[in-house]
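Architecture and fold: a report
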Amino acid sequence: MTTVRIADDALAVACGADAVAAAFAAAGCTVERVSSWGMHWLEPLIEIDGEGFGPASVADVPAILAGTGRKALGRVAQHPFIARQQRLTFARAGQSRPLNLADYAATGGWCALDRARAQSPADVIAQVIGSGLRGRGGAGFPAGLKWQTVAAAPGTRKYVVCNADEGDSGTFADRMLMEGDPYQLLEGMAIAAYAVGAGQGYIYVRSEYPHAIAKLRAAIDLAAPRLAPFRIDVRVGAGAYVCGEETALLNSIEGKRGEVRAKPPLPAIAGLFGCPTVVNNVLTLAAIPHILAPQGASPYDSLGVGRSKGTMPIQLAGNIRYGGLFETAFGITLDELVNDIGGGTASGRPVKAVQVGGPLGAYIPPAQFDLPFDYEAFASADALIGHGGVVVFDDSADMAALARFAFAFCAAESCGKCTPCRIGSTRGAELLDRLRAPIRVIDPVGALPQMHNSPKALRSRAQDVALLEDLCETMKFGSLCALGGFTPYPVLSALRHWPEDFSVRDTTDGI
Amino acid sequence: MSDVMDAEDKLAGIIAVHRGHEGPLLPILHDVQAAFGCIDPAAERAIAHALNVSRAEVHGVVSFYHDFVSAPDPRPHVQLCRAEACQARGAEALVPSARSAAGERVRLSDVYCLGLCSVGPAARVGGNLYARLDQAALVALVESA
């Protein structure tokens, strides 16, 4: 009997994988639902004896079973998109059934946990420090140092919290990992718990990811004996983007408003319920089993460039021809990612900009596509890697509208705790509207009698731009967290690289 | 009368499931929202009483999160992703036709990222996700919601 492998992750299902799987089952095939290879333009991707077909629809089923048809792709594992990657965190992608414990054990699962538990916690931490692993959530803080701080903090009640509130547009690696290889995340958390002396872990998943929530809950039940004495619970977010910020996330788990806390104290000292807490992103924790595997931390350390060690699961998204998950060592350039691997835009029009790092990341023009994927290189170009999402825009993009969207998004999602973010975002959106309005008007807020320091005459365009830059400066340095602090990145990068888009808007073009 | 009793029992049952756990408020609110379609002032009062916190604290949490509402909306609910990646794939151009298809019958709301950023425009109806939407597919989705 023919065995047909089809992904069961949310993206494949959204592209119609369930119906295709049912059609293969009706045709008498054994259907195995596996994780996704991450070649999203080919989903639903069918794999029969290693041969791929896609994107498949129900109508393609007879032709695929006959071994003919236009959708044949050859060997999936040798597809150029896969063959060019260095997959460590996503080594099992496409190749194992997500909840199958035998598949997990057969592909090296639990080795790292057994190995870690046979060593002292201090040795485990030393290996994580030695690997050079940095937090994959965005801030890039060395994971080992965070663990060391928690391990050294006084107290017997400690926590490991996994930040799975992947709210950034253009990112889906956390979702793919949770849906495709959940045990790897649980194993990483159990290793972290052993290293720091934590008894309880939480995975905070956004409510927009119902498939990931269901997979994790099932995986935790199945793996509980392996994880014991460590316990893990899934906590579901409630639609607040700001809860991806670690202290807001902790408040949310505690059952409070997702407001950001002032730091210090660091969560490593006083985190969840005031106890020392490791807060790491999904990809950070999922990288741990590889680092603690028998071959150890040093191969991990040998990958990457400068202080950016190991591999990064990069997510190619937006208007891109070959979108999906591309895991590779740090150092690859944007040009390779977007034009070479990604095949340019899906629309076939020229690339105008890419946004790297989610809604708070800078817009980067093609002129800067020689930028290597590296925390420090991006920082020195006034950009950020964030969670590794790359969103491509074609030449129809209106950069001023996207800059305004950044302010509006910040205003909608601000937790309200600090003034630069809460008020600055709204004033920023108004300022951009005034800059582009066909008729210049006096700022109604500035005209109020109590605004003693604001000019009462009509400001020139140059003065408005200066005011915008001033506002961004205040938000950048005055906000409590990255939401207000990084919103200036997309705004200022759009203004710097595409000033022509900020000229007076044609009133017929209504966005 | 029996409906009121049933609702009270149901609410008490939800609270009883979670109250012994750490940080029980969000799990309780999720279950109440799912069971009743909203978290109304009476539910806030009961939850506050059971957890020994003030009603203001419970209301503060309910009003903070987008997923919780204080009055039920029984209409079918379609969420359209309008984040940057879906914008880059043309989601904004679909909004007017989706709005007119929704009319007053369907609740059409924005969502910021469903994690389908390489195959947008994307939408969610309940637990189901839809990708690669064009105008016709989205209008059909809204009309059948």
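Summarised in this report is the structure supplied together with it. (Residues numbered from 1 in each chain as written. Chains lettered and ligands numbered in written order. Predicted model: local features only at pLDDT ≥ 70, side-chain atom pairs only at ≥ 80, totals over all residues.)

**A word on the nonpolar core**
In this structure, A:A14, A:A192 and B:A122 are the most contacted members of the largest nonpolar core, which totals 209 residues. Residue contributions to this core peak at 10 residues, all from helix 10 (residues 182-196) of chain A. If sequence neighbours within four positions are ignored, B:A122 has contacts with A:A14, B:C81, B:C86, B:L114, B:L116, B:L129, B:Y130, B:A131 and B:L133. (Core = buried A, V, L, I, M, F, W, Y, C linked by C-beta atoms within 7 Å. Buried ≥ 20, exposed ≤ 12 C-beta atoms within 10 Å, placed from the backbone. Helix = DSSP H or I, 4+ residues; strand = E, 2+ residues; numbered from the N terminus. Contact = placed C-beta atoms within 7 Å.)

**Quick look at the packing of helix 7 (residues 121-131) of chain A against helix 10 of chain A**
All names here are of chain A. In the contact formed by helix 7 and helix 10, the axes pass within 7 Å of each other and the chain directions differ by 125°. Overall, the two elements helix 7 and helix 10 adopt an arrangement that is oblique. Crossing hand, helix 7 versus helix 10: left-handed. Facing helix 7, whose interface residues are P121, V124 and I125, helix 10 presents I191, Y194 and A195. Partitioned by chemical class, the residues of the contact of helix 7 with helix 10 number 6 nonpolar, no polar and no charged. (Axes fitted to C-alpha atoms, helices over the stretch in contact; angles between N-to-C directions. Parallel < 35°, antiparallel > 145°, perpendicular 65-115°, else oblique. Left-handed = near helix turned anticlockwise from the far one by under 90°. Nonpolar A, V, L, I, M, F, W, Y, C, P; charged D, E, K, R; others polar.)

**Here we look at the interface of chain B and chain A**
In this assembly, 34 residues from chain B lie in contact with 51 residues from chain A. At the level of elements, helix 2 (25-36), helix 4 (55-64), helix 5 (84-88) and strand 4 (128-130) of chain B are the ones that each hand at least two residues to the side of chain B that touches chain A. Residues of the side of chain B that touches chain A, tallied by class, amount to 21 nonpolar, 7 polar and 6 charged.

**Let's talk about unusual backbone geometry**
Residue and element names in this part refer to chain A. Here G54 and P55 are connected by a cis peptide whose omega angle stands at -5°. By the secondary structure assignment, P55 is in the loop between strand 4 (51-53) and helix 3 (61-65). Along the chain, A228 connects to P229 via a cis peptide bond; the corresponding omega equals 10°. Along the chain, P229 falls in the loop between helix 11 (210-227) and strand 8 (231-236). Phi at D49 is positive, roughly 50°, even though this residue is not glycine. Residues other than glycine seldom take positive phi values, yet D382 does so here, at roughly 60°. Tracing the backbone shows D382 in the loop between helix 16 (375-380) and strand 16 (389-394). The exposure class of D382 is partly exposed, given the 13 C-beta atoms found within 10 Å.

**Some remarks on the sheet that holds strand 1 (residues 77-81) of chain B**
All names here are of chain B. Strand order in the open sheet formed by 4 strands is 2-1-3-4, and the pairing between neighbours is mixed. Strands with a single pairing partner mark the edges of an open sheet, and in this sheet they are strand 2 (107-111) and strand 4. Going from strand to strand, the sheet's axes swing by 25° on average, the running direction of each strand aside. Sheet topology note: the strand 3 (residues 123-125)/strand 4 ladder contains 3 bridges and is antiparallel. Within the sheet, the bridge partner assigned to V125 lies in strand 4 and is N128. (Pairing = 2+ DSSP bridges.)

**Digging into the pairing of strand 13 (residues 324-329) of chain A**
Residues and elements named next belong to chain A. Of all 6 residues making up strand 13, 5 are buried, and the element is well covered by its neighbours. With 6 bridges connecting them, strand 12 (residues 311-318) and strand 13 associate as antiparallel partners. Residue pairing across strands places I314 opposite F326, the latter belonging to strand 13. Taking the residues that link successive antiparallel strands as the turn, the strand 12-strand 13 hairpin has 5 residues.

**Looking at the environment of B:A91**
Residue and element names in this part refer to chain B. Summarising the element assignment, A91 is placed in the loop between helix 5 and helix 6 (95-102). Residue A91 is classed as buried on the basis of its 23 C-beta neighbours within 10 Å. Apart from residues no more than four positions distant in its own chain, A91 is found in contact with L80, C81, R82, C86, G120 and P121.

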